[in-house]
Each structure stands twice: as C-alpha cells, then as structure tokens.
Amino acid sequence: MDTNSSEIVLDVRNLSVIYSSYGVEKKAVDSISFKLRRGEILGIVGESGAGKSTIAKAIMGIIDPPSYATGEVIFNGKNIIGMSEYKLNKIRWNKITMIFQASMNSLNPVESVKSNFMSVLKDKLNINEKGEAEVKIDEVLRYVSLPLYVKDNFPHELSGGMRQRILIALAMITGPEIVIADEPTTALDIITEFYVLSILKKNLQRSGSSMIYITHDLPSVIFLADEMLVMKDGLIVEKGAIKNIINNPQNEYTRKLVSTLNEVID
Ligand SMILES: Nc1ncnc2c1ncn2[C@@H]1O[C@H](COP(=O)(O)OP(=O)(O)OP(=O)(O)O)[C@@H](O)[C@H]1O
C-alpha cells in the first residue's frame, strides 16, 4: 500500500475512555497515542477486553454518557473528542465510516439491498434521484465483485460473504477518508474470509482511503495491514511495522501472540 505521502489523516493523542455505570468508573483505554497515515492499513490486535472496539467507538464519537473519552482524536485539524453532535454528524458514517460483522442486523432486514443503499445515499450524500443513485450502487457492487441482481434481494437471501461485501460497498460508497473495520470477517469461513479481505484491500487501494482493522486474528493482520498496534488491558504494548514486530516482538504478550503463528505452521 502506498503510504509514501506520509500525510497524517488521524492523530490520536493520549486517548482515554472511561466507562461509567451506576457510579462505578472503569478505564477501558488508557492514554494511548498513534497516528494513521493516508492510504495506510493499521491493524489493532489484542485479547478480548483489551479495549480495541472502545477505540473505534471513541473515534466514531459514540461513547454514550455518562461514559466519556478524554484526550484528542485529530481529524482534518479538528478534535473529534468533545465535538458537538451536529459537527460529528458531518463526519461520522461519511468521512469516517465503519464496517461491522456481517451479522443479519448490520443491514436493515426488511428492506432490499437497493433500499439499504438508497438510505445511505439519501442521508449522507443527499442523492435522491433514482437514476443517479443506481449508477453509484452499480459502481460499488462491481467493486466488490457482486452481480447487480443482488440489489433486489433481501439481506436474508444472501450468504454471509455476500452480505459482508455489501457492507464493504456501503462503507465505501460515500468515499470515506477513514474506514474502521471491527472484526469484519469473524462470522465467515476461512476461505471466504480471505476472499472478502482481498476485496476490502483492493477497494482501499483503489480509493486511497485509510483503514483501522480491529481483530484477534494475527494472520489476517499480516495479510492486510502495514503497521500494527498490540493492545493489552487498555494499553498499547507494542506498535510498529508488522514485519519488525513479527520478526522481533519486544513485549511478552506479543511474543505469545507471534508464537501462536509458529504453532500453526509447525
Ligand atoms: N458499554 C460498556 N460499559 C461498561 N464497560 C464496557 C462497555 N463496553 C466495553 N466495556 C468494557 O471495556 C473493556 C474493553 O472492551 P472492548 O469491547 O473495547 O474490548 P475489545 O478489545 O474490543 O474486546 P473484544 O475483542 O472481545 O471485542 C472490557 O473490559 C469491557 O468489558
């Protein structure tokens, strides 16, 4: 992936997230900092509960009060943390978007695929005219190698892999600068998973968007990403180029993670 232009698209500085329920506070992310460059795919790996999804929520501005985030998430020169909902809505699902798991509830199940696309086009790009919308929908369906007839299908009529490609197409249709993918392929078998990840990678290369890819799965990070962060207990315990980390893990947890790769190969 071309990250030569080292333009920073997202600058996370001392981000902490505190969940608060019934007066009890818990720090799920503890003063972490990292940068995302244009065109870069950054993997975030770590065990369950490490705080990976919480980072995604903070970047999307969807930490619900009384829980809160502190620190800075700088996008286009502005701090997303503490930004008004009005301003956030101009960025969220538009310039910064998210791909979830291909579960049934990721798409509106009572609407056709075409209607799911139309809602996004209307809300985010103000496109109401059917002909114009159709051209855009056809374009992104081709990008994710889906036949155009899926427009008339309902989500339950599609396989998990097809649904996930629809979600990728939905995320890419607004031309986002940043895509956050949180465990996007966990529900898929391994062959379909790598097919979907290849399509995702191809689309990012085509569009020049950057991505934060969150997973437990180290092989898929190696396949997809340029750099990675390793998280444990809300902290970044290691970060850098994937090759360097795999060849020379510094942290005990990362060493364990990398050793699982060798076990698979042995
Ligand atoms: N809404 C919430 N209220 C309170 N605590 C929460 C909330 N969401 C997450 N947590 C806690 O914050 C910590 C980090 O959770 P998070 O979901 O970010 O971890 P994760 O690394 O994404 O885990 P997984 O890989 O299992 O999805 C966990 O201890 C979790 O229990």
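Within each chain, residue numbers correspond to sequence positions counted from 1 in written order. Two thresholds apply to this predicted model, a pLDDT of at least 70 for residue-level local features and 80 or more for giving and counting side-chain atom pairs, whereas whole-chain, interface and lining totals are computed over all residues. Side-chain metrics in this entry use all non-hydrogen atoms of the structure; hydrogen atoms and water are not considered.

Some words on the overall build of the protein
Put simply, the rule reads: Strands are runs of DSSP state E lasting at least two residues, helices are runs of H or I lasting at least four, and both sets are numbered from the N terminus onward. Each residue's exposure class comes from its accessible area (1.4 Å probe, protein chains only) as a fraction of the maximum for that residue type: buried when under 20%, exposed when over 50%, partly exposed otherwise. Surface accessibility follows the Shrake-Rupley procedure with a 1.4 Å probe radius. Residue values consider only the protein chains on display as shielding. Under the convention used here, Asp and Glu are negative, Lys and Arg are positive, and both His and the chain ends fall outside the count. To locate a charge, the coordinates of NZ of Lys, CZ of Arg, CG of Asp or CD of Glu are taken.
The helix and strand inventory of the protein stands at 9 helices and 10 strands. For the protein, the C-alpha atoms occupy an extent of roughly 55 × 50 × 40 Å along the three principal directions. In the protein, which comprises 266 residues, the proportion classed as buried is 47%. Here the protein displays about 12,700 Å² of accessible surface, and carbon together with sulfur accounts for 51% of that area. On the protein, the mean spot of the 30 positive side-chain charges and the mean spot of the 32 negative ones are 4 Å from each other.

What about the packing of helix H3 (residues 113–125) against helix H5 (residues 160–172)?
In helix packing, the relevant descriptors are the interaxial angle and the interaxial distance, both defined with respect to the helix axes. To keep it simple, the criterion reads: Structural elements are reduced to axes, namely lines fitted to C-alpha atoms, with helices fitted over the stretch in contact, and the angle between N-to-C directions of any two is expressed from 0 to 180 degrees. Any angle between 65 and 115 degrees counts as roughly perpendicular, while under 35 counts as roughly parallel, over 145 as roughly antiparallel, and the rest as oblique. Handedness of a crossing follows from how the near helix is turned relative to the far one, being left-handed for an anticlockwise turn of less than a right angle and right-handed for a clockwise one. Note on contacts: a residue pair qualifies if any of its non-hydrogen atoms lie within 4.5 Å across the two residues. Gly is placed with the polar residues, together with every amino acid not listed as nonpolar (Ala, Val, Leu, Ile, Met, Phe, Trp, Tyr, Cys and Pro) or charged (Asp, Glu, Lys and Arg).
The geometry of H3 relative to H5 is characterised by a closest axis approach of 10 Å and an angle of 20° between their N-to-C directions. As judged from the angle between their axes, H3 and H5 are roughly parallel. As H3 runs across H5, the sense of the crossing is right-handed. For the pair H3 and H5, contact is made by Val113, Asn116, Phe117 and Val120 and by Ile166, Ala169 and Leu170, respectively. Residue composition of the contact of H3 with H5, grouped by class: 6 nonpolar, 1 polar and no charged.

Interpretation in functional terms is not warranted from these geometric data alone.
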